[in-house]
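One letter stands for each residue in the lines below.
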Amino acid sequence: MCTSILYNSNEHYFGRNLDYEIAYGQKIVITPRNYEFDFHDLPSQKSHYAMIGVSVVDDNYPLYCDAINEKGLGVAGLNFEGPGQYFPVEKGKKNITSYELIAYLLSNYETVEDVKQGLADANISDISFSENLPAAVLHWMVADKTGKSIVIESSHKGLNIYENPVNVMTNNPVFPVHLINLSNYADVSPIQPTNFLAPKVELNMYSRGLGTHHLPGGMDSASRFVKATFALAHAPQGKSEIENVTNHLHVLKSVEQAKGLDEVGPDSYEYTMYSDCMNLEKGILYCTTYNDSRIRAVDMHKEDLDSEKLICYNLFKDQDIEYEN
Ligand SMILES: C[C@H](CCC(=O)NCCS(=O)(=O)O)[C@H]1CC[C@H]2[C@@H]3CC[C@@H]4C[C@H](O)CC[C@]4(C)[C@H]3C[C@H](O)[C@]12C
């Protein structure tokens, strides 16, 4: 499972947890402006906005899991197995394969509004990148530096775009159901509760944090949606870049999955492989991985963004413990 968020402070930070049991060899990848995108059913594009994100690179092609562009637009793909459905290429429509959707949107658009207009006549086609990499069934969260986000879902009903007032997304079920479910937790609060249970009885408020007693803590997508929404809605504004990155990552850590808790097969467990935080104004990607809790950063503007070649950095590294003696 996965969780993505847009954290709005004085600047805007977009990122996600990628939870899974199989590593695809993701890297931190910058696609500069003149790398040629050979889209499947759209004209190939020699120049476009530059982007940075986490990506699998296969045959020199960036298959982005999540990324942002130099204009401050961000897109993340999360599993949507079940409700998700793609369709055959349809004449007269803008046919975008699922594996190139992130690259296509980030190549061409600056804001969530642009994306909504750009997808008005779109069809997410059911074409796989290759035999080894069959089309992953995904839905996408799109965010921009105005602090707005939307969710794109292709299901049996066709392509749906939803406003995302909470700036959080997880996996199944369909997005509107997650929003409705939030009402069940409307009274979860950082404040100690008032005793409405038996008002004439004096209750012993034995602990701090009783306002969060009914906050779900499960690994499932519905629980993570509620918990991340609560954590994000109450996250303080940082006074510096470091504080903002720290706050963003703590929201993601509130729904992190440790190894051993979410069994998906015999001796196989889904876990949070990485968490990232991308500053939409600055074009910097910050990340931690399961085995490396030290925050690392890659700044796209420190590279030659007019080049034609992909720029890759390792994502997965070993734990870096600072021994004090
Ligand atoms: C596994 C991940 C979702 C994790 C998740 O949500 N797990 C919950 C499972 S569950 O909801 O609990 O059942 C997803 C998220 C993004 C995906 C890549 C997107 C680019 C590319 C698209 C191509 O088409 C196929 C290969 C490709 C590299 C994809 C591989 C894989 O599919 C990735 C990593």
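Calculation criteria
- Residues numbered from 1 in each chain as written.
- Predicted model: local features only at pLDDT ≥ 70, side-chain atom pairs only at ≥ 80, totals over all residues.
- Heavy atoms only, no water.
- Helix = DSSP H or I, 4+ residues; strand = E, 2+ residues; numbered from the N terminus.
- Rg over C-alpha atoms; globule rule 2.2 N^0.38 Å.
- Buried < 20%, exposed > 50% of the residue type's maximum accessible area, 1.4 Å probe, protein only.
- Contact = heavy atoms within 4.5 Å.
- Areas by Shrake-Rupley, 256 points an atom, 1.4 Å probe, with all protein chains shown as cover.
- Lys, Arg positive; Asp, Glu negative; His and termini not counted.
- Charge placed at Lys NZ, Arg CZ, Asp CG, Glu CD.
- Salt bridge = Lys/Arg side-chain N within 4 Å of Asp/Glu carboxyl O.
- Pairing = 2+ DSSP bridges.
- Axes fitted to C-alpha atoms, helices over the stretch in contact; angles between N-to-C directions.
- Disulfide = S-S within 2.5 Å.
- UniProt positions renumbered as here; feature names shortened; annotations may be inferred.
- Patch = residues over 30% accessible without salt bridge, like charges linked within 9 Å, V, L, I, M, F, W, Y side chains within 5 Å.
- Parallel < 35°, antiparallel > 145°, perpendicular 65-115°, else oblique.
- Left-handed = near helix turned anticlockwise from the far one by under 90°.
- Nonpolar A, V, L, I, M, F, W, Y, C, P; charged D, E, K, R; others polar.
- Phe/Tyr/Trp six-rings, centres within 6.5 Å; stacked < 30°, edge-to-face > 60°.
- Lys NZ or Arg CZ within 6 Å of the ring centre and 35° of its normal.

1. Concerning the overall build of the protein chain
Okay, so step 1: Looking only at helices and strands, the protein chain features five helices and 18 strands.
Okay, so step 2: By the compact-globule yardstick of 20 Å for 325 residues, the protein chain fits well, its C-alpha radius of gyration being 20 Å.
Okay, so step 3: Viewed in the frame of its principal axes, the protein chain has a C-alpha envelope of about 70 × 55 × 45 Å.
Okay, so step 4: Put simply, the protein chain has 325 residues, and 52% of those count as buried.
Okay, so step 5: Within the protein chain, residue pairs in contact and separated by at least 24 positions form 67% of the contacts whose partners lie at least 6 positions apart.
Okay, so step 6: On the protein chain, roughly 15700 Å² of surface is accessible, and the fraction owed to carbon and sulfur atoms is 51%.
Okay, so step 7: Averaging the positions of the 25 positive and the 44 negative side-chain charges in the protein chain gives two centres separated by 5 Å.

2. Quick look at the pattern of salt bridges
Okay, so step 1: For the coordinates displayed, the defined rule picks out 12 salt bridges.
Okay, so step 2: The partner of glutamate 11 in a salt bridge is lysine 282, with the nearest N and O atoms 2.7 Å apart. Pair noted here: glutamate 11 is in the loop between strand 1 (2-8) and strand 2 (12-20) and lysine 282 is in the loop between strand 15 (271-279) and strand 16 (284-289), with a separation of 271 residues, a long-range link.

3. Describing the sheet that holds strand 6 (residues 73-79)
Okay, so step 1: The eight strands are arranged 11-10-9-6-5-4-3-18 in an open sheet whose pairing can be described as antiparallel. Each of the sheet's edge strands pairs with one partner strand only, and the pair in question is strand 11 (158-163) and strand 18 (311-314). Going across the sheet, the axis of each strand differs from the next one's by a mean of 30°, ignoring polarity.
Okay, so step 2: Relative to strand 9 (residues 138-144), strand 6 is paired through seven bridges, and the arrangement is antiparallel. Note on strand 9: the bridge partner recorded for alanine 76 is methionine 141.
Okay, so step 3: Against the sheet, helix 1 (residues 101-108) touches strand 4 (51-58), strand 5 (61-69), strand 6, strand 9 and strand 10 (149-155), its axis set at about 170° to strand 6.

4. Some thoughts on the sheet that holds strand 1
Okay, so step 1: Taking strand neighbours across the sheet as the criterion, the six strands line up as 12-1-2-15-16-17 in an open arrangement whose pairing is antiparallel. Strands with a single pairing partner mark the edges of an open sheet, and in this sheet they are strand 12 (168-169) and strand 17 (292-299).
Okay, so step 2: Those strands touched by helix 5 (residues 241-253) are strand 1, strand 2, strand 15, strand 16 and strand 17, and its axis lies near 150° from that of strand 15.

5. With respect to the state of the cysteines
Okay, so step 1: Here the structure, examined in full by the defined rule, presents zero disulfides.
Okay, so step 2: Of the cysteine sulfurs around cysteine 312, a residue in no disulfide, the closest is that of cysteine 65, at 13 Å.
Okay, so step 3: In this structure cysteine 312 comes out as partly exposed when scored by relative accessible area, which is 39%.

6. Overview of the UniProt feature "domain: Choloylglycine hydrolase/NAAA C-terminal" (unreviewed entry) in the protein chain
Okay, so step 1: Within the UniProt annotation, "domain: Choloylglycine hydrolase/NAAA C-terminal" (unreviewed entry) is assigned to residues 2-313.
Okay, so step 2: For residues 2-313, the helix share is 16%, the strand share is 34%, and the end-to-end C-alpha distance is 22 Å.

7. Observations concerning the environment of leucine 249
Okay, so step 1: Mapped onto the elements, leucine 249 comes out in helix 5.
Okay, so step 2: The class for leucine 249 is buried, based on a relative accessible area of 4%.
Okay, so step 3: Sequence separation between leucine 249 and serine 275 is 26 residues; the distance between their C-alpha atoms is 7.2 Å.
Okay, so step 4: For leucine 249, the residues in contact, after removing those within four places along its chain, are Ser275, Asp276, Cys277, Thr288 and Ile295.

8. Considerations on a nonpolar patch on the surface
Okay, so step 1: Nonpolar side chains collect at one region of the surface, where Leu197, Val201, Leu203 and Met205 lie side by side and expose about 390 Å² of accessible area between them.
Okay, so step 2: Mapped onto the fold, leucine 197 is located in the loop between helix 3 (175-182) and helix 4 (221-233).

9. Quick look at the packing of helix 3 against helix 4
Okay, so step 1: Packing of helix 3 against helix 4 leaves a shortest axis separation of 10 Å and a crossing angle of 60°. What the angle tells us is that helix 3 and helix 4 run oblique. Between helix 3 and helix 4 lies a crossing of right-handed hand. Contact residues: helix 3 offers Phe175, His178, Leu179, Asn181 and Leu182, while helix 4 offers Ser221, Ala222, Phe225, Val226 and Thr229.
Okay, so step 2: For the contact of helix 3 with helix 4, the residue count by class is six nonpolar, four polar and no charged.

10. Let's talk about the packing of aromatic side chains
Okay, so step 1: Applying the stated criterion across every chain, the model contains 14 aromatic pairs.
Okay, so step 2: Aromatic pair phenylalanine 37 and tyrosine 61: ring centres 6.0 Å apart, planes at 75°, arrangement edge-to-face. Placement of the pair is phenylalanine 37 in the loop between strand 3 (27-31) and strand 4 and tyrosine 61 in strand 5, with a sequence separation of 24 residues. Assigned by exposure class, phenylalanine 37 and tyrosine 61 land together as buried.
Okay, so step 3: Among the aromatic residues, ring-to-ring pairing joins Tyr35, Phe37, Phe39, Tyr61, Tyr99, Tyr104, Tyr109 and Phe129 into one connected group.
Okay, so step 4: In this structure, lysine 259 packs its charged tip against the face of tyrosine 271, placed 4.6 Å from the ring centre.

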